[in-house]
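Next come the chains, spelled out residue by residue.
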Amino acid sequence: MSIGDERQSLVVRGGGAEHPLTGPCTLVRSRGQWVIRGVDIPTTIANARVVDFDSPTELTVRKKEGRRYEGIIRCVADYDPPQLNFDVINVVPMEQYIPGVLAGELYEGWHNATFQAQAIAARSFALSRCQQRSSKMWDVTDTASSQMYIGVPPWDQAKDMAAATRGEVIVWKGAVVPGYFSSCCGGRAATATDAVGPNPVNAVPPLTGHQSPPYCTKAPRYRWSVTQSVASVSQAIRAWGKRTDQKDYVAIGEVISFTPITPNRHGRPTEIEVKSVGGTSITIQCVDLPGVFWEANLPSLSSGWVGAEVKDGKLVMNGRGFGHGVGLCQYGAEAMAASAIPYQRIIEFYYPQGTITKAW
Ligand SMILES: [Zn+2]
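Reading guide: rules and limits
Residues numbered from 1 in each chain as written. Predicted model: local features only at pLDDT ≥ 70, side-chain atom pairs only at ≥ 80, totals over all residues. Helix = DSSP H or I, 4+ residues; strand = E, 2+ residues; numbered from the N terminus. Buried ≥ 20, exposed ≤ 12 C-beta atoms within 10 Å, placed from the backbone. Contact = placed C-beta atoms within 7 Å. Expected span 1.5 Å × (residues − 1). Domains from an automatic or database assignment. Core = buried A, V, L, I, M, F, W, Y, C linked by C-beta atoms within 7 Å. Axes fitted to C-alpha atoms, helices over the stretch in contact; angles between N-to-C directions. Parallel < 35°, antiparallel > 145°, perpendicular 65-115°, else oblique. Left-handed = near helix turned anticlockwise from the far one by under 90°. Nonpolar A, V, L, I, M, F, W, Y, C, P; charged D, E, K, R; others polar. Pairing = 2+ DSSP bridges. Arc of directions from axis to C-beta.

Caption draft 1: Up close: the overall build of the protein. The secondary structure content of the protein amounts to ten helices and 21 strands. A buried classification covers 40% of the 360 residues belonging to the protein. Residue pairs in contact within the protein that sit at least 24 positions apart in sequence constitute 61% of those at least 6 positions apart.

Caption draft 2: A look at helix 2 (residues 94–105). Counted at 1.5 Å a residue, the expected span for helix 2 with its twelve residues is 16 Å, and the 16 Å between its end C-alpha atoms agrees. Looking only at helix 2, the buried set comprises Y97, I98, P99, G100, V101, L102, A103 and E105. Packed against the buried residues of helix 2 are helix 3 (112–132) and helix 4 (156–164).

Caption draft 3: How the structure looks around the domain arrangement of the protein. What the domain assignment reports for the protein is domain 1 (2–91), domain 2 (94–219 + 324–358) and domain 3 (223–318). Computed over C-alpha atoms only, the centres of domain 1 and domain 2 are separated by 32 Å. Every contact between the two is made by nine residues of domain 1 and, on the other side, six residues of domain 2. Taken together, the elements giving at least two residues each to the side of domain 1 that touches domain 2 come down to strand 8 (64–69) and strand 10 (86–91).

Caption draft 4: Main features of the nonpolar core. L102, A117, I237, C329 and I346 are the most contacted members of the largest nonpolar core, which has 72 residues in total. When residues in this core are grouped by element, the largest group, ten residues, is from helix 3. Residue-level mapping places this core at the junction of two domains, with at least three residues from each of domain 2 (94–219 + 324–358) and domain 3 (223–318). Setting aside residues up to four positions removed in sequence, C329 forms contacts with S182, C184, C185, Y215, C216 and Y350.

Caption draft 5: How the structure looks around the packing of helix 2 against helix 3. Contact geometry for helix 2 and helix 3: axes closest at 9 Å, N-to-C directions at 120 degrees. In terms of orientation, helix 2 and helix 3 fall into the oblique class. Note on packing geometry: the crossing formed by helix 2 with helix 3 is right-handed. In this structure, helix 2 contributes M94, Y97, I98, V101, L102 and E105 to the contact, and helix 3 contributes F115, Q118, A119, A122, R123 and A126. Within the contact of helix 2 with helix 3, the residues separate by chemical class into nine nonpolar, one polar and two charged.

Caption draft 6: Representation of the sheet that holds strand 11 (residues 168–172) within the structure. The three strands lie next to each other as 12-11-21, forming an open sheet whose pairing is antiparallel. What marks the edges here is a single partner per strand, and that holds for strand 12 (175–176) and strand 21 (355–358). Direction of pairing for strand 11 relative to strand 21: antiparallel, over a ladder of four bridges. Across the sheet, the residue bridging to E168 is K358, located in strand 21. Most of the contacts of helix 3 go to strand 11, to which it runs at about 65 degrees, and overall it touches strand 11, strand 12 and strand 21.

Caption draft 7: Geometry of helix 10 (residues 343–350). Among all positions of helix 10, only Y343, I346, I347 and Y350 are buried. Summarising the axial view, the buried residues of helix 10 lie within an arc of 95 degrees, below the 170-degree limit, and thus occupy one face. Turning to helix 10, the residues buried within the fold contact helix 3, strand 11, strand 20 (328–329), helix 9 (330–338) and strand 21.

Caption draft 8: Main features of unusual backbone geometry. Cis geometry is found at the peptide bond from S212 to P213, where omega equals 5 degrees. Positive phi values are uncommon outside glycine, yet R31 reaches one of about 50 degrees. Within the secondary structure layout, R31 lies in the loop between strand 4 (25–30) and strand 5 (33–36). For R31, a count of 9 C-beta atoms within 10 Å translates into the label exposed. Positive phi values are uncommon outside glycine, yet T262 reaches one of about 50 degrees. Among the secondary structure elements, T262 is positioned in strand 15 (residues 255–263).

Put into structure tokens, the structure is as follows:
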């Protein structure tokens, strides 16, 4: 990990000691200790489990090169031998965090109301995670597994729209609602208990999904189609069966069709029936399907809402939407904003019975 730039004075803290540095520094783990290349740091710091660097600063971790972060950069070493790995955590106040999510999740130039609705959804999601993970070292990742986050955004709209909704979150009966969102719902909303998980915080009216109209019909992945080899998809399902210890998955023959079944209250399927040569069939949860493809290194599926049939010896897969389809639909929100619908109405539409409260 590289931190800082040529001009920057940094301070590293650990084990109650601190030491001045000049960036850029490269931090590694070696023999259970912190090593900053080319710098002698006090033993107290080298032996600490957690070291902190002051921000704002440049940080390069793996491919995310040269991003700037405010707050503190905290590095936490693994407990387990050989103790070579470490987590990199940005400890940052919520209102400085949200702009980096907006810039990671939306396109510059989309309507302000879309940014405002997204800011409220993202803040609600993050706050809910903070509550659930209060005993952990970190709350959210910086990828789509939580929500994208790129540090200090390179453009102003993200910062301005976060500030315009400062402290606003979605609540239901006094509790903050995890503001799940996805790129495109494909026209029919998913319910959180089906598409995210059975956690009790998900079983609330605002996460049961929006009614019509869909608004996102112009999104690039409102409907989509991909073609896969029959063998690779069949093999992916068998591998998944092996990993999850499901014998009927392991035994499945060549796949001949996917049929979406078991619709939720909005008509969105929650399961896919997979038929194979010989007439046997299995059922895969929509929420699991993208993972089946991902773990087999197949091109990723945009969503788990997909039908398929064999054409010319290949499996033609026709799907809808991009992401899990719960809560705010980003393309739908942008279409609403383009019709001059204010952000409060967008939140009401995507989180029915949820209300906006200023938490700070
Ligand atoms: Zn939608």
